[in-house]
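Take a look at the letters that make up each chain.
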Amino acid sequence: MTAVLRTSDVQSNDVLDADRDLAFDDEEQVSRIVPVERVPVTEHDHQGQYRRLHQLLARRRFEDALDLLCSIRDEFPRDEALGRSIRLLRDHLSAKYAERLQDLDVVPRVVDRGVPLAEYERRVLALVDGVSSFGELLLTSPLGQFDTLRALFNLARLGVIADDVVVSASRRPPPPESAAAPPEYGRLLQPLEALDGFWGSALVDSVSGAVLGSCGEDPGALARLGALYAEVLQLQRRATQELGLGEPDDLIITRPDEYHLVRPLGDRPDVFICLITDRGASNLALSRLALTKLEPGVAEALAGASSSFRS
């Protein structure tokens, strides 16, 4: 798709913040970018170009600085200092682009095709198919790693692409068993087994996606569903904040043969109960009522726990 920034969190209008995010960690590294000023005097103001380069670096406009260096190299293709500076900037920016994208296993999707783009950005956008992850796009793109990373970063910053949280979560392996909480938390959910059409239930940490406890016949599937719905719930909360809406009591996902209910705990909204029932054999209203009755006891048990469930 973390205190890290995902593509869907990049603000399209905050150029200054984006420049700061691309900054070097060590200012001494910046001084290595400026080539040795031994350019012969011609009818062009090359010293003016270098002054401009210093200004761009001081303002942390590293992409503009790189473009300027490349234009100077066109006039002096054999200047080794220029070549080293360009490589240093490209390597630095590539690392920063990848850092901003955060997780190369995340699958992006196109959300806005109406934004004016550069040619290289349009070429990369044409590769976004809703199936390939960022890492796979890097491998298949004909533009090379730097230009592809730069295009993906810009497309995310402009709001042209965003994380497809559903597809991305479904590609991830279930959380390791060591991240699961002690089995007694699964017993808190056992009253739900009396519901008609009961298939399984899980208590999930919405921050890490880890299943704290579960009951049902397929713990592995419940672990995957827990990780998936943790991301769905986080996405829903972002939408709630942006739209100024009230927090929902629960989320109901209706599938052809199943009901999936996701209910955050009132006193512990970072934890939710996920209940899956057979649609043809269950009563949705009774399932929601059962979750409502179960919620206080689960929240009380969590409040009395002596350890944190976060990984």
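Here the structure is shown first, and the text comes after it.
Summarised in this report is the structure supplied together with it. (Residues numbered from 1 in each chain as written. Predicted model: local features only at pLDDT ≥ 70, side-chain atom pairs only at ≥ 80, totals over all residues. Heavy atoms only, no water.)

1. Topic: the environment of A281
Definition in use: Going along the chain from the N terminus, every DSSP run of H or I of four or more residues is numbered as a helix, and every run of E of two or more is numbered as a strand. For the exposure calls, accessible area comes from a 1.4 Å probe over protein chains only, and a residue counts as buried if that area is under 20% of its type's maximum, exposed if over 50%, partly exposed in between. The contact criterion used is simple: two residues touch if any of their non-hydrogen atoms lie within 4.5 Å.
Structurally, A281 is set in the loop between strand 7 (271–278) and helix 12 (284–303). Taking the relative accessible area as the measure of exposure, A281 reaches 41% and is therefore partly exposed. C-alpha separation for the pair A281 and D196, spaced 85 residues apart in sequence, amounts to 6.0 Å. Contacts of A281, omitting those with residues within four sequence positions, involve D196 and G197.

2. Comments concerning the nonpolar core
To keep things clear, this is the line we draw: Nonpolar cores are built from buried Ala, Val, Leu, Ile, Met, Phe, Trp, Tyr and Cys residues. Side-chain atoms within 4.5 Å join them into one set.
Grouped together as the largest cluster of nonpolar side chains are 35 residues, with contacts concentrated most on L53, L125, L152, L155 and I161. Looking at this core, the elements with two or more residues in it are helix 3 (46–58), helix 4 (62–75), helix 5 (80–101), helix 6 (119–125), helix 7 (134–140) and helix 8 (145–157). Examining the composition of this core, we find that seven residues originate from one element, helix 8, more than from any other. Judged by nonpolar contacts, the second largest core, of 20 residues, contains Y185, L265, L294 and V298.

3. Here we look at the packing of aromatic side chains
Within a pair of aromatic rings, the relevant descriptors are the distance that separates the centres and the angle that separates the planes. Basically, it comes down to this: Within 6.5 Å between ring centres, the rings of Phe, Tyr and Trp (the latter by its six-membered ring) count as paired, and their orientation is classed by plane angle as stacked under 30 degrees, edge-to-face over 60, tilted in between.
Per the counting criterion, the structure on display carries two aromatic pairs. Look at Y97 and F146: their rings are 6.0 Å apart centre to centre, the planes differ by 40°, and that puts the pair in the tilted class. Here the residue Y97 occupies a position in helix 5, and F146 occupies one in helix 8, the gap between them amounting to 49 residues. With relative accessibility at 0%, the residue Y97 sits in the buried group. Among the residues examined, F146 registers a relative accessible area of 6% and is labelled buried. Linked through ring pairs, Y97, F146 and F153 together constitute an aromatic cluster.

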